[in-house]
Amino acid sequence: HERASMRRCLTAHASSSPSSLTARITRVFFRRTLASDASRRPRRRDMGKHQPQAWVSIAAAHANEQDDARAYLINLGARVEDVDDMLEKHPRVRTYDVATEIAPRMSYLSFLEERGELKGETAVACALRQPGVLERKYETVFECAQRGFIAVHKPFAVRLDTPRGWSEKTEDGTGRVEKVRFIPRWDGDASCEDWLNIRFPDMHHRFCHQLDTATSGVVLTANTREAAGSAAKLFRERRAKKRYLAVVFGWPENDEWTVEAKLSKDPDDVKGFKERVDEENGKASETSFTVIQRGYCALEGRHFGAKVSRVECRPVTGRRHQIRLHLMHSGHSILGDQAYSEDSDSFRMFLHALELKMPFDDETLTFATPPPPSFEEAVSAEPLA
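Residues numbered from 1 in each chain as written. Predicted model: local features only at pLDDT ≥ 70, side-chain atom pairs only at ≥ 80, totals over all residues. Heavy atoms only, no water.

### Notes on the confidence of the model for the protein chain
The predicted structure's coordinates, where accompanied by low pLDDT, should not be read in detail.
Here is step 1: Here the protein chain shows a mean pLDDT of 85. Residues at 70 or above account for 80%.
Here is step 2: Note that pLDDT drops below 50 for residues 1-53; the model gives that stretch 81 contacts with residues more than four away or on any other chain. (pLDDT = per-residue confidence, 0-100. Contact = heavy atoms within 4.5 Å.)

Right, here's the structure in full:
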């Protein structure tokens with residue numbers, strides 16, 4: 001009976017067209033079967049050659065459980081009238097969890113402030129001006145123990161996984177020593193992998209694809225080798241299909257267009273982070289774009305009232321930073337993209353992974369999650385004074 005119910009649910013999941021409906025159907029069903037599935041989950045085994053470090057907590061240790069958003073920000077030094085004014089304009093901030101969202105985000109902003117990356121603005125002032133930066137909500141989009149997949153919503157400015165370390169021979173060659181690669185940089189500096197291991201502690205999670213740290217949206221993980229192999233095959237054969245939503249500067253002249261500019265590493269970037277358009281030696285790349293809405297930037301700050309557009313992005317290939325570079329190449333960089341635009345004022349890069357469609361041999365599964373509210377609220381349909 002349970003298998004038949006799952007089959008009906010997955011069929012509905014695969015055939016539903018609106019992404020929000022897709023996510024809702026899968027969440028309701030799999031949360032109902034969570035208890036019965038738990039008894040069949042395999043115990044996690046040590047998959048590496050070294051003992052893993054403890055997972056980083058997604059909650060900030062300094063957060064007071066009794067604080068709400070208002071009290072927490074005031075305790076950080078924000079003026080009462082400034083906090084009340086922000087909450088009146090952005091009441092949704094009251095729903096953010098202090099320990100796992102607001103406190104870690106404020107620690108993150110303080111880290112940026114200390115590094116001089118807030119351009120002279122304080123962490124508190126930045127949060128009050130653009131409170132969407134405080135949002136950091138994880139969510140299970142899809143879970144199926146039988147198929148071995150979990151899809152989650154990854155917040156922006158969160159790493160996909162956490163570098164753990166490796167073991168190597170000692171200098172005399174007689175033993176091995178553990179090399180540590182990662183130390184949390186701020187209170188609550190957790191990755192998507194950390195959240196998965198806290199939320200699903202008895203599983204070994206393999207990411208089926210990549211998603212930039214700055215990008216929010218759906219991420220698919222496999223907790224069995226068979227599931228990971230079947231997903232990898234679809235990506236290798238380019239049968240997996242992705243849809244993204246971006247907010248870009250300007251109003252594109254055409255409603256639809258395709259970019260096929262070749263991409264390669266940027267030799268001028270000493271940090272080795274950036275890519276570039278390289279028609280001579282680059283790798284073949286292709287992305288199609290469709291304008292969803294032309295509007296105005298609603299973020300308080302340097303770009304308030306500027307012309308911006310919501311654009312759906314459909315990559316055919318999967319090169320590093322492909323969507324970001326192809327939009328820049330089109331003359332419409334992504335709002336908040338500090339690598340490929342002149343914008344260092346917006347609180348995030350406005351790129352969100354909307355949907356991942358996986359045509360497995362027995363059925364097609366679609367994993368989808370809508371953009372967070374702060375993403376949607378960044379664009380106004382009407383001109384702003």
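### Notes on the pairing of strand β1 (residues 139-144)
Here is step 1: Within β1, 5 of the 6 residues are buried, which leaves it mostly tucked inside the rest of the structure.
Here is step 2: Counted along the chain from β1 to the antiparallel partner strand β2 (residues 149-154), the turn is 4 residues long, and its residue Gly-148 has a positive phi close to 85°. (Buried < 20%, exposed > 50% of the residue type's maximum accessible area, 1.4 Å probe, protein only. Helix = DSSP H or I, 4+ residues; strand = E, 2+ residues; numbered from the N terminus. Pairing = 2+ DSSP bridges.)

### Observations regarding the side chain of Gln-130
Here is step 1: Relative to the helices and strands, Gln-130 is located in the loop between α7 (123-129) and β1.
Here is step 2: Apart from residues lying up to four places away in sequence, Gln-130 is in contact with Leu-299, Glu-300, Asp-345, Ser-346 and Phe-347.

### A word on the environment of Ser-216
Here is step 1: Residue placement: Ser-216 occurs in strand β6 (residues 216-222).
Here is step 2: With 154 residues separating them in the primary sequence, Ser-216 and Pro-370 have C-alpha atoms 9.9 Å apart.
Here is step 3: Sequence-distant contacts of Ser-216, defined by excluding residues within four places in its chain, comprise His-153, Lys-154, Pro-155, Phe-156, Leu-211, Arg-348, Leu-351, His-352, Ala-353 and Pro-372.
Here is step 4: Only 2.9 Å separates the side chain of Ser-216 from the side chain of Arg-348, close enough to count as a polar contact.
Here is step 5: A polar atom in the side chain of Ser-216 sits 2.8 Å from the side chain of His-352. (Polar contact = N/O pair within 3.5 Å; in protein donor to acceptor, adjacent residues only side chain to side chain.)

### Some details on the nonpolar core
Here is step 1: Counting 91 residues, the largest nonpolar core has Met-106 and Leu-109 as its most contacted members.
Here is step 2: Per element, the largest residue contribution to this core is 8 residues, and it comes from helix α6 (residues 98-114). (Core = buried A, V, L, I, M, F, W, Y, C linked by side-chain atoms within 4.5 Å.)

### Let's talk about unusual backbone geometry
Peptide bonds are mostly trans, and most non-glycine residues show a negative phi.
Here is step 1: Its identity is not glycine, yet Lys-119 carries a phi of approximately 55°, on the positive side.
Here is step 2: Tracing the backbone through its elements, the reader meets Lys-119 in the loop between α6 and α7.
Here is step 3: In the Ramachandran plot, His-321 falls in the positive-phi region, its phi being about 60° despite a non-glycine side chain.
Here is step 4: Secondary-structure assignment places His-321 in the loop between β12 (307-315) and α10 (322-329).
Here is step 5: Residue classification places His-321 among the buried positions, given a relative accessible area of 5%.

### Quick look at the packing of aromatic side chains
Here is step 1: One pass over the full model with this rule turns up 11 aromatic pairs.
Here is step 2: For the pair Trp-195 and Phe-200, a centre-to-centre distance of 6.4 Å together with 80° between the ring planes defines the contact as edge-to-face. Each of the two residues, Trp-195 as well as Phe-200, counts as buried.
Here is step 3: Arranged with centres 5.5 Å apart and planes meeting at 75°, the rings of Phe-347 and Phe-350 form a pair that is edge-to-face.
Here is step 4: Residue Phe-350 is classed as buried on the basis of its relative accessible area of 0%.
Here is step 5: Pairwise contacts between aromatic rings join Phe-156, Phe-347, Phe-350 and Phe-375 into one cluster.
Here is step 6: The cationic tip of Arg-320 hangs over the ring face of Phe-273; the distance from NZ or CZ to the ring centre is 5.0 Å.
Here is step 7: The side chain of Arg-348 reaches across the aromatic face of Phe-350, ending 5.5 Å from its centre. (Phe/Tyr/Trp six-rings, centres within 6.5 Å; stacked < 30°, edge-to-face > 60°. Lys NZ or Arg CZ within 6 Å of the ring centre and 35° of its normal.)

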